[in-house]
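Given next are the chains, with one letter for each unit.
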Amino acid sequence: MAQAVAVLLVLLVAQLAASTFKICAFNIRSFGKAKAANRKVMGALVQILSRCDISAVQEVRDSKGTAIRMLLRELNRYDPSHRYGCLESKRLGRGSYKEQNVFVYRRDLVSVTDWCQFGEEDSSPFEAFARGPFAARFRSPITATSDFVLLLHHASPREAARELDLLFGVCMELVHRWKTQNLMVLGDLNAAGAYIPANAWAGIRLRNHRAFHWLIGDKEDTTVSHRTCCAYDRIIVHGEELFGAVVARSAKPFNFTHALGLSEEEALEISDHYPVEVNLRLAPKAQREL
Ligand SMILES: *[C@@H]1O[C@H](CO)[C@@H](O)[C@H](O)[C@H]1NC(C)=O
């Protein structure tokens, strides 16, 4: 009897934990071989990423691609209840400094149906980005909105205001190309502090067009350091269907210093940014089956 109750409790807890679909964007400062070889850092990273159904990982810096493969291997080992896979952008950047954006996602719950790298061809109107934005289209049978696009971007700090405005054009292009309204812009947009002068906001279409909902407010702090308080990392939702699927007030930075009981110094070894995350509601059918 007691055993049956224990089993039921475990199932109930598992159901509560899985009753939404979590998406995050996480700038893992300079994620390369050195970090991948650091057991403490990797241990924290898998704890953070295994909370999410899709993680939009940024600042992957490893020309051989071994760091991200090691991360996937550790993640699949840590959480065998899912099969984690990834979709990598090109290596982005104008000079010799290159970095990648990578979607890490649970292949058993969501699949990639299309993807698009902006700003790579010389003829592209989007070459004005220091690093081209990376879009992926996802399909999941369990989310309230089964088909949605994530547009991941790491803005150049010095050009953040201009790039934010250009992202509006990228979104319109995606709406046209993929015939969907369901878009989420996410990532380290450097959309705060000195990078966006107060008088620049008025000229940023992504900010002012009413089809876009900014879920991470200007007062949030997405930085790990106690010395800074800036909402650099953002989640912005376009399209009423996708906006309707967002769990109210679920969008927030994930303070892993607090959650993992770390010192500021230990946390900074992992990254100088907190992930920003949001939950989507599940389809009614998926809720019944869980
Ligand atoms: C994160 O948590 C730590 C530890 O509890 C705390 O000192 C810090 O102020 C928190 N940071 C933010 C941005 O909430």
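Residues numbered from 1 in each chain as written. Predicted model: local features only at pLDDT ≥ 70, side-chain atom pairs only at ≥ 80, totals over all residues. Heavy atoms only, no water.

*Asks:* Help me understand the overall build of the chain in this model?
*Replies:* Of regular secondary structure, the chain possesses 10 helices and 12 strands. On C-alpha atoms alone, the chain measures out to a radius of gyration of 19 Å, which is about the 19 Å that the 2.2 N^0.38 rule sets for 290 residues. Along the first, second and third principal axes, the C-alpha set of the chain runs to 65 × 40 × 35 Å. Across the chain, the fraction of contacts at a sequence separation of at least 24, relative to all contacts at a separation of at least 6, is 71%. For the chain, the accessible area works out to roughly 13800 Å², and carbon and sulfur atoms hold 54% of it. For the chain, the separation between the mean place of its 37 positive charges and that of its 32 negative charges on side chains is 3 Å. (Helix = DSSP H or I, 4+ residues; strand = E, 2+ residues; numbered from the N terminus. Rg over C-alpha atoms; globule rule 2.2 N^0.38 Å. Contact = heavy atoms within 4.5 Å. Areas by Shrake-Rupley, 256 points an atom, 1.4 Å probe, with all protein chains shown as cover. Lys, Arg positive; Asp, Glu negative; His and termini not counted. Charge placed at Lys NZ, Arg CZ, Asp CG, Glu CD.)

*Asks:* Would you take a moment to explain the pattern of salt bridges for this structure?
*Replies:* Opposite charge on two side chains permits them to pair, given that their charged atoms come into close proximity. Applying the stated criterion across every chain, the model contains 15 salt bridges. Taking the shortest distance from any N to any O, the salt bridge between Arg106 and Asp53 comes out at 2.8 Å. Here Arg106 is found in strand 4 (residues 100-106), whereas its partner Asp53 is found in the loop between helix 3 (39-49) and strand 2 (54-60), with 53 residues between them in sequence. Overall, Asp53 belongs to the buried group, its relative accessible area being 4%. (Salt bridge = Lys/Arg side-chain N within 4 Å of Asp/Glu carboxyl O. Buried < 20%, exposed > 50% of the residue type's maximum accessible area, 1.4 Å probe, protein only.)

*Asks:* What is the right way to look at helix 4 (residues 66-78) in this model?
*Replies:* Along an α-helix, residues three or four positions apart point the same way, because every turn accommodates 3.6 residues. Taking 1.5 Å per residue as the helical rise, helix 4 with its 13 residues ought to reach 18 Å, and the 18 Å between its terminal C-alpha atoms agrees with that figure. Taken as a whole, helix 4 has its buried residues at Ala67, Ile68, Leu71, Leu72 and Leu75. Buried positions in helix 4, seen along its axis, are confined to an arc of 135° and lie on one side of it. Along helix 4, the residues that are exposed and aim more than 90 degrees away from the buried face are Arg69 and Arg77. (Expected span 1.5 Å × (residues − 1). Arc of directions from axis to C-beta.)

*Asks:* Mind showing me how you'd approach the site of the ligand here?
*Replies:* Lining the immediate surroundings of the ligand are Asp221, His226, Asn255, His258 and Tyr274. Here an oxygen atom of the ligand and a side-chain polar atom of His226 are 3.3 Å apart. The separation between an oxygen atom of the ligand and a polar side-chain atom of His258 is 3.2 Å. Of the residues belonging to the shell around the ligand, the class tally is one nonpolar, three polar and one charged. (Near = heavy atom within 4 Å. Polar contact = N/O pair within 3.5 Å; in protein donor to acceptor, adjacent residues only side chain to side chain. Nonpolar A, V, L, I, M, F, W, Y, C, P; charged D, E, K, R; others polar.)

*Asks:* In this structure, what is going on with the sheet that holds strand 4? I would like to understand it.
*Replies:* One key point about sheets: their strands pair by backbone hydrogen bonds, in either a parallel or an antiparallel sense. Taking strand neighbours across the sheet as the criterion, the six strands line up as 3-4-2-1-12-11 in an open arrangement whose pairing is mixed. The two strands at the open ends of the sheet, each matched to only one other strand, are strand 3 (84-88) and strand 11 (252-253). The pairing of strand 1 (residues 20-31) with strand 2 spans six bridges and is classified as parallel. The residue bridging Asn27 from the neighbouring strand is Gln58, located in strand 2. On the sheet, helix 3 packs against strand 1 and strand 2 and is oriented at approximately 155° with respect to strand 1. Set on the sheet, helix 4 makes contact with strand 1, strand 2, strand 3 and strand 4; between it and strand 3 the angle comes to about 160°. (Pairing = 2+ DSSP bridges. Axes fitted to C-alpha atoms, helices over the stretch in contact; angles between N-to-C directions.)

*Asks:* Would you take a moment to explain the sheet that holds strand 7 (residues 147-152) for this structure?
*Replies:* What the six strands build is an open sheet, ordered 5-6-7-8-10-9; its pairing is mixed. If you trace the sheet from one side to the other, it starts and ends with strand 5 (111-117) and strand 9 (212-214), each paired once. Averaged over all neighbouring strand pairs, the angle between strand axes comes to 20°, with direction disregarded. Note: strand 9 against strand 10 (residues 233-238), three bridges, orientation antiparallel. Bridging from a neighbouring strand, His213 pairs with Val237 of strand 10. Strand contacts of helix 5 (residues 160-178): strand 5, strand 6 (134-139), strand 7, strand 8 (183-188), strand 9 and strand 10, with the helix running at about 150° to strand 7, the strand carrying the most contacts.

*Asks:* Help me out: how do you make sense of the state of the cysteines in this one?
*Replies:* When the sulfur atoms of two cysteines share a covalent bond, that bond is a disulfide. Here the structure, examined in full by the defined rule, presents zero disulfides. The thiol of Cys230 is not disulfide-bonded; the next cysteine sulfur, from Cys229, is found 6.5 Å away. (Disulfide = S-S within 2.5 Å.)

*Asks:* Looking at this structure, how should I read the nonpolar core?
*Replies:* One finds Ile23, Ile54, Phe103 and Met184 to be the most contacted residues of the largest nonpolar core, which totals 32 residues. Of all the elements in the fold, those that place two or more residues in this core are strand 1, strand 2, strand 4, strand 6, strand 7, strand 8, strand 10 and strand 12 (276-281). Contacts of Ile23, omitting those with residues within four sequence positions, involve Ile54, Phe148, Leu150, Met184, Leu186, Val276, Glu277, Val278 and Leu280. Listed in part, the 31 residues of the second largest apolar core include Cys171, Trp178, Leu189 and Ala200. (Core = buried A, V, L, I, M, F, W, Y, C linked by side-chain atoms within 4.5 Å.)

*Asks:* I'm lost on the side chain of Thr223 in this one. Help?
*Replies:* Within the element layout of this structure, Thr223 appears in the loop between strand 9 and strand 10. Only 2.6 Å separates the side chain of Thr223 from the side chain of Asp221, close enough to count as a polar contact. Among the polar contacts made by the side chain of Thr223, one reaches the side chain of Thr228 at a distance of 2.8 Å.

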